[in-house]
Amino acid sequence: MTIFLILAPYGAFAALLLVTSATASLFAAAAICLAVIAFDAMRGLSIKILGVGSVITFAAIGLYVAFVDQHLGTASVRFAVDTGIFLVSLGSILAGRPFTLQYAREVVDAKTTQQPGFLRVNYVITWAWTMAAVLMMVGNIAIVYMPSLPLWSGLLIAFAARNSAVFFTKWYPHYRMTKYGAHTVSALPSAN
């Protein structure tokens, strides 16, 4: 369920962007992010870097589109969102707190969090998500600068990048466990 909650705002944003305005899509995604944060808080879980960063990203871009450039193209809006998420992900790495670490600490026991590879696994997984954001940005740049490309090509790149990151998030902890014989150090509950 955690992976669904993490990806729900982005899925809603992408779906709404196909049928309604960018402003409505962005603010709906920000509202969903806030709902996920509230849901985590009600369950006694931590407020996540990714959740807060996503709210800020969606709301800031939504305000920009609403008040500065109402005619910003959908590929440009998606590029801005992907750039915001890239910055959140990379920023968490540079700050020494990879965003996956919060999720991982909530699903594994205290002994597992003390293992030497635990932090490294979370850095590697966060890098995978950072690279997925870069690929999504590239897909959107291609749509902006090569308008003859069909819309679905950018969506296909985003889908492939995101799904690859989800797969890697599930696979890598198990790979580490097999290779080093340690307990699984999953970054997401659905990865177990």
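Check the entry above for the structure.
Residues numbered from 1 in each chain as written. Predicted model: local features only at pLDDT ≥ 70, side-chain atom pairs only at ≥ 80, totals over all residues. Heavy atoms only, no water.

Peer 1: So what's going on with the side chain of threonine 113? Residues and values would help.
Peer 2: Within the fold, threonine 113 resides in helix α6 (residues 110-113). A polar atom in the side chain of threonine 113 sits 3.4 Å from the side chain of glutamine 114. Dropping the residues within four chain positions of it, threonine 113 is found in contact with Arg105, Val108 and Phe118. (Helix = DSSP H or I, 4+ residues; strand = E, 2+ residues; numbered from the N terminus. Polar contact = N/O pair within 3.5 Å; in protein donor to acceptor, adjacent residues only side chain to side chain. Contact = heavy atoms within 4.5 Å.)

Peer 1: I'd like a rundown of the packing of aromatic side chains, residues and numbers included.
Peer 2: For any two aromatic rings, the description comes down to two numbers: the centre-to-centre distance and the angle of the planes. In total, this model carries seven aromatic pairs according to the counting rule given. Here phenylalanine 168 and tryptophan 171 contribute two aromatic rings whose centre-to-centre distance is 5.8 Å and whose plane-to-plane angle is 45 degrees, an arrangement assigned as tilted. Here phenylalanine 168 and its partner tryptophan 171 are both found in helix α8 (residues 151-180), three residues apart, which amounts to about one turn of the helix. An angle of 50 degrees between the planes, with centres 6.2 Å apart, marks the rings of tryptophan 171 and tyrosine 172 as tilted. With a relative accessible area of 9%, tyrosine 172 lands in the buried category. Members of the aromatic cluster, each reached through a chain of ring pairs, are Phe168, Trp171, Tyr172 and Tyr175. (Phe/Tyr/Trp six-rings, centres within 6.5 Å; stacked < 30°, edge-to-face > 60°. Buried < 20%, exposed > 50% of the residue type's maximum accessible area, 1.4 Å probe, protein only.)

Peer 1: Describe a nonpolar patch on the surface, with residues and values.
Peer 2: The grouping of Phe27, Leu63, Tyr64, Phe67 and Val68 at the surface amounts to a nonpolar patch, some 520 Å² of accessible area in total. By residue number, the principal contributor to the nonpolar patch is helix α3 (residues 49-67), which donates three residues. Structurally, tyrosine 64 can be placed in helix α3. Classification of tyrosine 64 by relative accessible area gives partly exposed; the value is 39%. (Patch = residues over 30% accessible without salt bridge, like charges linked within 9 Å, V, L, I, M, F, W, Y side chains within 5 Å. Areas by Shrake-Rupley, 256 points an atom, 1.4 Å probe, with all protein chains shown as cover. Salt bridge = Lys/Arg side-chain N within 4 Å of Asp/Glu carboxyl O.)

Peer 1: I'd love a proper account of the nonpolar core, names of residues and values included.
Peer 2: Soluble globular proteins tend to pack their nonpolar side chains together in the buried interior. Judged by nonpolar contacts, the single largest core of 32 residues is most densely connected at Phe13, Leu26, Leu50, Phe58, Val77 and Val81. Elements that contribute at least two residues to this core include exactly α1 (2-19), α2 (22-42), α3, α4 (74-94), α7 (116-145) and α8. The element best represented in this core is α2, accounting for six residues. Residues contacting valine 77, with those up to four places away along its chain left out, are Phe13, Ala22, Leu26, Ile61, Val65 and Leu72. (Core = buried A, V, L, I, M, F, W, Y, C linked by side-chain atoms within 4.5 Å.)

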